[in-house]
Amino acid sequence: MLSMLRRLPRRLLFPLLLALAPLPFAQAQAQETLATPAAPTAAGASASALPASLFFAPRSLGGATLSPDGRFLAMRVLPAGERQRVRLSVLDLASMQATVVAYFNDADIANFQWVNNDRLAYSLVDRQRGQGRQRFASGMFAVNKDGSGYRQLATREGIVRDKPGMLLQPWSTFLIDHISAQTGNFVYVWRTHLSRLNSITDTSTGRLNTLTGGYETVNMPPDLLYWMSDSGVAWRMDKEFAEKRNMAYTFDRPAGTWRKLAQVMPADANGVAIAPAFLAPDGQLYVYARNGGDKLALYRFDQQNQRLDGAPVLASPDYDIQATMVHNDARLLGIRYRTDAETTLWLDADMQAMQLAVNARLPATVNTLSVAQRTDAPWVLVSSWSDVQPPIYRLFERASGKLIPLGKAYPAVAAERMASRQLLHIKARDGLMLPAWLTLPKGNGRQLPLVVLIHDGPWQRGDWGWQPDSQFLASRGYAVLEPDYRGSTGLGARHFQAGWKQWGLAMQDDIADAARWAIGEGIADPQRICLAGGGYGGYATLMGLQRDAGLFRCGIAWSSIPDLRELKDEVNWWLDDDLRNSDEQYTLAMLLGDADRDKALLRDNSPRHQPARITAPLLMAHGYTDHIVPMSDARALFDAIRKSSAQAQWIEYGDEGHDWVLPQTHVDFWQQSEKFLDKHIGKASAAAKKE
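Worth saying up front: this structure is predicted, and the values here are computed from it rather than measured. (Residues numbered from 1 in each chain as written. Predicted model: local features only at pLDDT ≥ 70, side-chain atom pairs only at ≥ 80, totals over all residues. Heavy atoms only, no water.)

Enquirer: Would you take a moment to explain the sheet that holds strand β21 (residues 323–327) for this structure?
Expert: Strand pairing in a sheet relies on backbone hydrogen bonds, with the paired strands running either antiparallel or parallel. As summarised here, the arrangement of the three strands in space is β21-β22-β23, forming an open sheet in which the pairing is antiparallel. Because the sheet does not close on itself, it has two edges, and the strands there are β21 and β23 (342–346). Sheet twist, expressed as the mean angle between neighbouring strand axes with direction ignored, is 25°. Note that strand β22 (residues 332–338) and β23 share five bridges and pair antiparallel. Residue pairing in the sheet places Y337 in a bridge with T343 of β23. (Pairing = 2+ DSSP bridges. Helix = DSSP H or I, 4+ residues; strand = E, 2+ residues; numbered from the N terminus. Axes fitted to C-alpha atoms, helices over the stretch in contact; angles between N-to-C directions.)

Enquirer: Please explain the sheet that holds strand β27 (residues 403–408) as it appears in this structure.
Expert: The four strands lie next to each other as β24-β25-β26-β27, forming an open sheet whose pairing is antiparallel. Edge positions in the sheet fall to β24 (366–370) and β27, since each of these pairs with one other strand and no more. Strand-to-strand, the axes of this sheet are offset by a mean angle of 25°, without reference to chain direction. One ladder, built from five bridges, connects strand β26 (residues 392–397) with β27; its direction is antiparallel. Bridge pairing in β27 places Y393 opposite G407. Against the sheet, helix α2 (residues 349–361) engages β24, β25 (379–385), β26 and β27, with an angle of about 145° to β24. (Contact = heavy atoms within 4.5 Å.)

Enquirer: Whenever I open this one, the pairing of β26 confuses me. Can you help?
Expert: In regular strands, side chains alternate between the two faces of the sheet. Taking burial as the measure, the six residues of β26 include five buried ones, the bulk of the element. Alignment of β25 against β26, held across six bridges, turns out to be antiparallel. Across the sheet, residue S384 finds its bridge partner in β26, namely I392. From the end of β25 to the start of β26, which pair antiparallel, there are six residues. Where β26 folds back on β27, the antiparallel hairpin that results is connected by five residues, among which G401 adopts a positive phi of roughly 80°. (Buried < 20%, exposed > 50% of the residue type's maximum accessible area, 1.4 Å probe, protein only.)

Enquirer: Explanation requested: unusual backbone geometry in the structure shown.
Expert: Residue G457 is joined to P458 through a cis peptide bond whose omega torsion reads 5°. Of note, M96 is a non-glycine position whose phi angle comes to about 60°, a positive value. Tracing the sequence through the fold places M96 in the loop between β3 (87–92) and β4 (97–102). Phi is positive for S559, which is not a glycine, with a value near 50°. Note that S559 resides in the loop between β33 (554–558) and α7 (577–580).

Enquirer: Before we go on, may I ask you to explain the pattern of salt bridges in this structure?
Expert: Oppositely charged side chains can pair when the atoms bearing their charge come close. Taken as a whole and judged by the stated rule, the model has 27 salt bridges. One salt bridge connects R290 with D320, and the closest N-O pair in it is separated by 3.1 Å. Remark: D320 occurs in the loop between β20 (307–308) and β21 and R290 occurs in the loop between β18 (285–289) and β19 (297–302); sequence separation between them is 30 residues. For the pair shown, R290 and D320 are each scored as buried. (Salt bridge = Lys/Arg side-chain N within 4 Å of Asp/Glu carboxyl O.)

Here you go:
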């Protein structure tokens, strides 16, 4: 499992205790090929000649999932050509013939899942309209693997109109992934209940028959914190206990009832905090715990004695473990987890041998093996990727050992023209070690123009893999540095907590220290460094131009946050899986600052209140329908900055919200960013200095 090429990441393994009314083409029989060869590259062509559309094109192939018996493969396919829609296709692995089973002329296939060996359920999204122009909800539909048996299950409109002989669920009904036993005709769904003002008042869970449309409510445990449907575990806070114990339950599908698995304190004097990971097919519960240490590790949980079962199954000295199980209908085969990249700890000898065989044939990529539910399934799905290669899908035939190509997620991307991405560590001024990802242009080089790209969140982190924005910038000759500043998650409790109430302060110092490290290493030209980022990254870009004007030559900020005092605790978009899947509860008062007690702190570290300090060239962009950070707030800040910075530019996208979704938006934004960077730190800037 160790990497075989230098650019592959260290895949850390610490396997302790291994002793264990749109018109669907529902009847379509059209055949399509899944082989998507890479576009040819002209000999001697410069990497900078690659068009922006290559990096930000929609995915051609994705979501590939084996049927429960492993004899068919469903996937989302986007044909070549403008205005095409993503369709749902099913490949018969015996004949290698594909059938389009669902295609809409005004929407794209979004989430889907196998209901059983013969039937699929799916929802829709309109990827050709921005947030401001969406007309319909996602709806819910079902169809057989041969395209027959089409049925609408939930409306896409606000009013439920039952058709004759057909029950339709309201638009606020959504699929829950992977909770069905994949034998009957049912799927599990959750439904939001809205007030007259369209605010969410409650949620409920139900079981929906994909043949008849019949719906049954599933009673949930009270005070549910979250339900990890793909792992079979629900986690709630029991208010009946004065100590507020955490309770883990599993749902007994045949009986339709909940069974308690664990009852633990959220934390004890030794700092033990426990959260569920997954329930294996043999009934063994796996949980996360720090167990007095800094990093989350994966443990078995002794349900009889209600405690951690010995040493961790998986642990890393550098990362919090976040894991999912790989299993069939009989047993746990392996545990998939993420450190600097994704890897799998195989508990099954046959799967481990298969992994080694695939890795030997594909040594330049991380190769993820996915199995069907049936133990005798003849095929295994292989997804291969690296820092220079977006996912490529293949099939591994167990009997023959053949590795059969299926297609590429981004067929126009040629790995040999992409830039390598490496992990390094930078010491901050107070001694804290900061992981950072460095992408250098092909041929590397010294004294390069540098873009410090700041990730959003801020409670996220970077990892290894093909990244379109950093690859685009590297193709234009820029070095790209992405620091995991303090407050980033997945790197341990100390790294996360070091960012509490440090917006614009120590978190900002980390970004400046990363830039100075690049100067000291000879990577960056000290006169040609630019900040860039969206969301929190946009905020940090603005603060960096205010606090470190002598270090940063320019800034690019999108979906930026002008005023920290405007953020509310109900803005849950801040928290990614690293926090949501934890029993530890955080509020913005803890992470950012209390609106009353820390009023001065929040004001002093808000870009809105210091616009005159930004004098460097600045490019700001915002979506008109942003409901997280209103565009009017960002525009007001830009107008104030414009008074002191004659080179400030504004871009407005009328159809977009906070998270941009349209490929043409990304292409236009990065093309304009390219012109901005070229003028201020790129070739045009260097030429102007010589003159």
